[in-house]
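Residues per chain are reported as follows:
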Amino acid sequence: MKSLFLNQAIENINTINWMNNHERTEEECNMDVFFVKEFFKRLSLFLDFLSVESKYPYIDPVKLINKESKIDYDKVFELCPNLITAPNGVNQALCVNHVIWSSLANEGDPIAIQFNDLFKTLIDLFNGGGSWRTHHGMLDISDKFLCFLSDWKEYKTIELH
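Residues numbered from 1 in each chain as written. Predicted model: local features only at pLDDT ≥ 70, side-chain atom pairs only at ≥ 80, totals over all residues. Heavy atoms only, no water.

## With respect to the state of the cysteines
Phase 1 of the analysis: Applying the stated criterion across every chain, the model contains zero disulfides.
Phase 2 of the analysis: Cys 29 carries a free sulfur, and the closest cysteine sulfur to it, the one in Cys 147, is 15 Å from it.
Phase 3 of the analysis: Of the residues examined, Cys 29 reaches a relative accessible area of 8% and is grouped as buried. (Disulfide = S-S within 2.5 Å. Buried < 20%, exposed > 50% of the residue type's maximum accessible area, 1.4 Å probe, protein only.)

## Structural notes on the pairing of strand S1 (residues 132–135)
Phase 1 of the analysis: Bridge count for S1 against strand S2 (residues 138–141) is four bridges, and the pairing is antiparallel. Within the sheet, the bridge partner assigned to Thr 134 lies in S2 and is Leu 139.
Phase 2 of the analysis: Following S1, the chain reverses through two residues before pairing antiparallel with S2; His 136 in that reversal takes a positive phi of roughly 50°. (Pairing = 2+ DSSP bridges. Helix = DSSP H or I, 4+ residues; strand = E, 2+ residues; numbered from the N terminus.)

## Concerning the packing of helix H5 (residues 89–106) against helix H7 (residues 120–127)
Phase 1 of the analysis: Viewed as axis vectors pointing N to C, H5 and H7 meet at an angle of 130°, and their least axial separation amounts to 10 Å. When the axes of H5 and H7 are compared, the pair comes out oblique. The two elements H5 and H7 meet at a crossing, and its hand is left-handed. In this structure, H5 contributes Asn 91, Leu 94, Cys 95 and His 98 to the contact, and H7 contributes Leu 122, Ile 123 and Phe 126.
Phase 2 of the analysis: Residues belonging to the contact of H5 with H7 are distributed by class as follows: five nonpolar, two polar and no charged. (Axes fitted to C-alpha atoms, helices over the stretch in contact; angles between N-to-C directions. Parallel < 35°, antiparallel > 145°, perpendicular 65-115°, else oblique. Left-handed = near helix turned anticlockwise from the far one by under 90°. Contact = heavy atoms within 4.5 Å. Nonpolar A, V, L, I, M, F, W, Y, C, P; charged D, E, K, R; others polar.)

This is the structure:
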């Protein structure tokens, strides 16, 4: 199978400018919140499909479907060297999960193919200069959206104002 999913994931991660720390406009912040809420929605659909619960929005989808990828965590850092400059380990882990999940889709796994865009909106968030930070159990998106990580499911359907 052609490496479309994996190549696109690597390219998207390698184009993230992690040093893009300009003052965010209200419109950019609203878009960042939209991206995160869309991720929550996709994550919820994925977990519902598997009949699995998750208290927090951090999952390893490959483990949840009891598979192993040919690419591991260290290999992703070789393929995506700019991950070293990500502002925190959570952003790194989300990107690593995206690449590994994409590699599993390349390998032909039907669930990975069906949910291949699981992390896409987070990559869009990072590519647009947005941020995902956590502190004491709180999620902070671009200094605009704050919620308890354990309440993530409540925010998947809230509309922006």
